[in-house]
Amino acid sequence: MEGFLVALAVSFGVIFVAELGDKSQLMALTFATRFKTVPVLIGITVATAVVHLASVAIGYGLGASLPTEWISLVGGVAFLGFGAWTLRGDTLTEAEKRKAEKTSKSAIVAVSVAFFLAELGDKTMLATITLATQYGWFGTWLGSTIGMVAADALAILVGRMLGRRLPEKTIKYGAAVLFAICGLWLILEAVTQLT
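Since the model is a prediction, treat every value here as computed from it, not as a measurement.

Now for the overall build of the chain. Counting its secondary structure elements, the chain contains nine helices and zero strands. Going residue by residue from the N terminus, the α and β elements of the chain occur as α-α-α-α-α-α-α-α-α. The 195 residues of the chain split such that 43% are buried. Of the roughly 9,800 Å² that the chain leaves accessible, carbon and sulfur atoms contribute 71%.

Rendered as C-alpha cells:
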C-alpha cells in the first residue's frame, strides 16, 4: 500500500507541474469557452486515462527489463529535458484553436479526441513513462491522470476568474525548476547506485 501511495503522490505532483503552462491547458480553456465545464473535464479525463494507461504499460515494461540505475540516469536526463521543454513553452496553433472552437460534435467526444491526439508524445506522456519505470503502474497511472485533470481544471477555473491573464512566466519558470530538481535527484540516485 505504501508503494501505491508513493507512486500516486509522486506521479500526481510531477504531472500536475508538467501540465502547468502546457498547450493542453490552453486547449482546456478554449473548449471551456465553447462547452460546459463538466463535459470538457470528462473528455479530458477519458483521453488522459487512455494515454497514460499506454504510457505506464510502456514504462512498466521497460522497468522490468532494464537495470534500475540506468533507468534513473536516463529518467534524470529526461526530466532535465522536460525542464528545458517547459522553458521553451508550448503554444496552441491556430488550427488547433479553430478546431476546438468550431467543433459541432458532442463535447465529450470532441474533447477526448483532441486531447488524446495532443497528448501522444507530449512531455506528460513521456514523464508518465519515466515514472512508471520507477513506481508501480497503477499508482502512477491514477496519479498522473488525476494530476493532469486537476491542472487542466485549475486552468479553466483560474482562466475564467482572471480573464485568461495567467502569470505565464512565473508558472513556466516554476515548473522548469521543479523538473530540474527531480532530474538532478534521479541522476544523483543513479550515480550513487552505479558507484
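After that view, the rundown keeps rolling.
The biggest cluster of nonpolar side chains holds 21 residues, and the ones touching the most others in it are Ile15, Met27, Phe31, Val40, Ile44, Val111 and Phe115. Counting residues per element, this core draws most heavily on helix α6 (residues 107-119), which supplies six residues.

This next bit is on the packing of helix α1 (residues 2-19) against helix α7 (residues 123-134). Direction vectors running N to C along α1 and α7 enclose 160°, while the axes themselves pass 10 Å from each other. Taken together, α1 and α7 sit at an angle that is classed as roughly antiparallel. In terms of crossing hand, the pair formed by α1 and α7 is right-handed. Across from Val10, Ser11, Val14, Ile15, Ala18 and Glu19 in α1, the residues of α7 making contact are Lys123, Thr124, Ala127, Thr128 and Leu131.

With respect to the secondary-structure elements, Thr48 resides in helix α3 (residues 37-65). Residues in contact with Thr48, not counting those within four places in the same chain, are Ser144, Thr145 and Met148.

Another point: the packing of aromatic side chains. Inspection of the entire model under this criterion finds four aromatic pairs. Consider the rings of Phe4 and Phe138, whose centres lie 5.7 Å apart with planes at 20°: the pair is stacked. Of this pair, Phe4 sits in helix α1 while Phe138 sits in helix α8 (residues 137-162), and the two are 134 residues apart along the sequence. Owing to a relative accessible area of 37%, Phe138 belongs among the partly exposed residues under this scheme.

The grouping of Val38, Ile42, Val46, Val50, Ile108, Val109, Val113, Phe116, Leu117 and Leu120 at the surface amounts to a nonpolar patch, some 800 Å² of accessible area in total. Contributing elements (two or more residues each) for the nonpolar patch: α3 and α6. Among the elements that take part in the nonpolar patch, α6 stands out by supplying five residues, more than any other. Relative to the assigned elements, Phe116 resides in helix α6. Phe116 sits in the partly exposed class, given a relative accessible area of 31%.

Right, let's talk about α1 for a bit. An ideal rise of 1.5 Å per residue puts 26 Å on 18 residues; α1 measures up with 26 Å between its terminal C-alpha atoms. Buried within α1 we find Ala7, Ser11, Val14, Ile15, Val17, Ala18 and Glu19. Looking one or two places after α1, you find Gly21, whose phi comes out positive at around 80°.

Each value, and the rule that gives it
- Residues numbered from 1 in each chain as written.
- Predicted model: local features only at pLDDT ≥ 70, side-chain atom pairs only at ≥ 80, totals over all residues.
- Heavy atoms only, no water.
- Helix = DSSP H or I, 4+ residues; strand = E, 2+ residues; numbered from the N terminus.
- Buried < 20%, exposed > 50% of the residue type's maximum accessible area, 1.4 Å probe, protein only.
- Areas by Shrake-Rupley, 256 points an atom, 1.4 Å probe, with all protein chains shown as cover.
- Core = buried A, V, L, I, M, F, W, Y, C linked by side-chain atoms within 4.5 Å.
- Axes fitted to C-alpha atoms, helices over the stretch in contact; angles between N-to-C directions.
- Parallel < 35°, antiparallel > 145°, perpendicular 65-115°, else oblique.
- Left-handed = near helix turned anticlockwise from the far one by under 90°.
- Contact = heavy atoms within 4.5 Å.
- Phe/Tyr/Trp six-rings, centres within 6.5 Å; stacked < 30°, edge-to-face > 60°.
- Patch = residues over 30% accessible without salt bridge, like charges linked within 9 Å, V, L, I, M, F, W, Y side chains within 5 Å.
- Salt bridge = Lys/Arg side-chain N within 4 Å of Asp/Glu carboxyl O.
- Expected span 1.5 Å × (residues − 1).

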